[in-house]
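Single-letter residue listing:
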Amino acid sequence: MANHKGFWLTEPSKPELSKLPTLPPKGITKQEALVEMEALGKRLEELLDLLYSAGQKGLLVVLQGMDTSGKDGTIRQILTHSNAQSLKICPFKVPTPLELSHDFLWRVHSQVPAKGNISVFNRSHYEDVLVVRVRNLVPEEKWSRRYDSINHFEELLANNDTIILKFFLHISKEEQKERLLEREQDVTKAWKLNVADWKERAYWDDYQEAYEAALGQCVSEKAPWIVVPSDKKWYRNLVVVHTIVESLERFEKEWLKELNRIGEIAKAELGQIPRE
Ligand code: ATP
């Protein structure tokens with residue numbers, strides 16, 4: 001299987017998003033990607049089933065990106081290959097008054113996956129150092145302390161059997177403009193039209209800077225960021241699914257062993273029950 005890795009961040013650094021690609025590498029075509037996706041999708045389905053039945057780890061997938069970067073499309077792709085019972089999609093919108101009356105991680109913590117389950121975050125706790133920072137929704141002294149809180153929170157999750165994968169869907173400013181204009185022209189996409197998206201676009205540079213700070217500071221081996229070239233939807237999907245598959249494969253042997261163990265116990269118990 002070819003390697004569609006995206007750009008991995010596993011330790012604190014100062015990433016420069018403008019230097020990271022938003023387009024697929026040369027040499028891969030959409031046709032090839034779709035063929036590869038077939039096999040990858042099947043593999044993802046198998047591994048998610050295994051994660052569920054072994055019940056040893058939870059999987060947290062965080063999706064972040066500028067408006068129109070394709071969070072919804074990525075979720076649709078993941079959903080195609082998952083057993084809906086064990087997968088939960090968690091959108092994070094403007095916080096409600098109740099949410100705002102708690103600490104910023106309160107609403108997030110309640111949505112993290114139990115062992116055997118998967119949570120896909122459509123936006124996340126990172127909004128509290130992104131839109132909140134860019135739009136000055138709370139004073140700097142408050143949001144600047146959140147990077148540490150996020151690191152502690154993610155460490156807590158990782159130490160409690162959560163596999164964490166955080167994807168930044170990286171699009172160019174030009175591609176965003178095209179997608180916003182496309183939404184205006186296509187009646188089937190008109191429901192997505194949002195004046196706010198154009199308003200936020202005016203803060204493009206500030207958002208990129210806020211993303212660089214978040215990706216650079218809130219990162220570890222156990223809670224990596226993967227910067228995904230996302231101008232082409234087919235390549236974005238390929239990288240995300242490929243990354244999830246590869247990350248789960250590392251546990252496959254362990255999980256199969258666990259299933260075997262559970263099976264042996266069940267057999268032994270059955271052996272003691274008269275079955276006539
Ligand atoms: P799409 O990308 O498909 O248009 P969306 O994710 O933008 O969908 P919306 O309901 O349009 O969904 O937007 C959610 C809004 O909530 C975003 O503008 C986001 O910045 C905002 N938001 C999320 N979390 C917070 C937060 N903690 N504080 C303030 N705003 C937030």
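If you're wondering where the values come from, they're calculated on a predicted model, not measured in any experiment. (Residues numbered from 1 in each chain as written. Predicted model: local features only at pLDDT ≥ 70, side-chain atom pairs only at ≥ 80, totals over all residues. Heavy atoms only, no water.)

Trainee: Hey, could you run me through unusual backbone geometry in this one?
Mentor: Working note: non-glycine residues mostly have negative phi, and peptide bonds are mostly trans. For Thr68, which is not glycine, the phi torsion reads 70° and is therefore positive. Tracing the backbone through its elements, the reader meets Thr68 in the loop between β2 (58-65) and α2 (71-80). For Thr68, a relative accessible area of 9% corresponds to the buried category. Look at Asn136: it is not a glycine, yet its phi comes out positive at around 50°. Within the fold, Asn136 resides in the loop between α5 (131-134) and α6 (140-143). Its relative accessible area of 60% is what places Asn136 among the exposed residues. (Helix = DSSP H or I, 4+ residues; strand = E, 2+ residues; numbered from the N terminus. Buried < 20%, exposed > 50% of the residue type's maximum accessible area, 1.4 Å probe, protein only.)

Trainee: Is there a simple way to explain the environment of Glu127 in this structure?
Mentor: Positionally, Glu127 belongs in the loop between β4 (118-122) and α5. In this structure, the C-alpha to C-alpha distance between Glu127 and Val94, residues 33 residues apart in sequence, is 9.2 Å. Sequence-distant contacts of Glu127, defined by excluding residues within four places in its chain, comprise Gln64 and Val132. A polar side-chain atom of Glu127 sits 3.1 Å from a polar atom in the side chain of Arg123. (Contact = heavy atoms within 4.5 Å. Polar contact = N/O pair within 3.5 Å; in protein donor to acceptor, adjacent residues only side chain to side chain.)

Trainee: Which parts of the structure should I look at to understand the pairing of β4?
Mentor: Regular strands have side chains that alternate between both faces of the sheet. Counting buried residues along β4, five of its five residues qualify, which places the element largely inside the surrounding structure. Residues Ile118, Val120 and Asn122 of β4 are buried on one face, and the alternating residues Ser119 and Phe121, pointing to the opposite face, are buried as well. Where β2 meets β4, five bridges bridge the pair, whose relative direction is parallel. If you follow Leu63 over to β4, its bridge partner there is Asn122. Of the pairings in the sheet, the one linking strand β3 (residues 87-91) to β4 comprises five bridges and is parallel in character. Among the inter-strand pairings, Cys90 is bridged to a residue of β4, identified as Phe121. (Pairing = 2+ DSSP bridges.)

Trainee: Just checking my understanding: could you explain the sheet that holds β4 for this structure?
Mentor: Whether parallel or antiparallel, the strands of a sheet pair through hydrogen bonds between backbone atoms. One open sheet holds the six strands; their spatial order is β1-β6-β5-β2-β4-β3, and the pairing between them is mixed. Strands with a single pairing partner mark the edges of an open sheet, and in this sheet they are β1 (7-9) and β3. Taken over all neighbouring pairs, the strand axes of this sheet differ in orientation by 20° on average, direction set aside. Sheet contacts for helix α7 (residues 146-158): β2 and β5 (162-170); angle to β5, the most-contacted strand, approximately 135°. Seen against the sheet, helix α11 (residues 233-249) touches β1, β2, β5 and β6 (225-229) and runs at an angle of roughly 165° to β5. (Axes fitted to C-alpha atoms, helices over the stretch in contact; angles between N-to-C directions.)

Trainee: How should I be thinking about the packing of helix α1 (residues 30-54) against α11 in this particular structure?
Mentor: Each packed pair of helices is defined by two parameters, the angle between the axes and the distance between the axes. Packing of α1 against α11 leaves a shortest axis separation of 9 Å and a crossing angle of 35°. As α1 runs across α11, the sense of the crossing is left-handed. Every residue of α11 that contacts α1 at Lys30, Ala33, Leu34, Glu36, Met37, Leu40, Arg43, Leu44, Leu47, Leu48 and Leu51 is listed here: Trp234, Asn237, Leu238, Val241, His242, Ile244, Val245, Leu248 and Glu249. In the contact of α1 with α11, the residues fall into 14 nonpolar, two polar and four charged. (Left-handed = near helix turned anticlockwise from the far one by under 90°. Nonpolar A, V, L, I, M, F, W, Y, C, P; charged D, E, K, R; others polar.)

Trainee: Could you clarify how one ought to interpret the pattern of salt bridges in this entry?
Mentor: Counting across every chain of the model gives 18 salt bridges. Here Arg123 and Asp67 are joined by a salt bridge, their closest N and O atoms 2.8 Å apart. Taken together, the residues span a long stretch of sequence, with Arg123 in the loop between β4 and α5 and Asp67 in the loop between β2 and α2 at a distance of 56 residues. Classification of Arg123 as partly exposed rests on a relative accessible area of 22%. For Asp67, a relative accessible area of 13% translates into the label buried. A salt bridge links Arg133 to Glu209; the shortest N-O distance between them is 3.8 Å. Of the two residues, Arg133 is situated in helix α5 and Glu209 in helix α10 (residues 204-217); the sequence distance between them amounts to 76 residues. Taking relative accessible area as the criterion, Arg133 reaches 19% and is therefore assigned buried. (Salt bridge = Lys/Arg side-chain N within 4 Å of Asp/Glu carboxyl O.)

Trainee: Got a minute to help me understand the site of the ligand in this structure?
Mentor: Around the ligand lies a shell of 17 residues, among which Asp72, Lys93, Arg123, Glu127 and Asp128 are the nearest. One nitrogen or oxygen atom from the side chain of Lys93 is found 2.9 Å from an oxygen atom belonging to the ligand. Note that an oxygen atom of the ligand is positioned 3.1 Å from one of the backbone N or O atoms of Val94. Look at the ligand: alone it shows 640 Å² of surface, and the protein chains cover 80% of it. Secondary-structure elements contributing two or more residues to the shell around the ligand are α2 and α5. (Near = heavy atom within 4 Å. Areas by Shrake-Rupley, 256 points an atom, 1.4 Å probe, with all protein chains shown as cover.)

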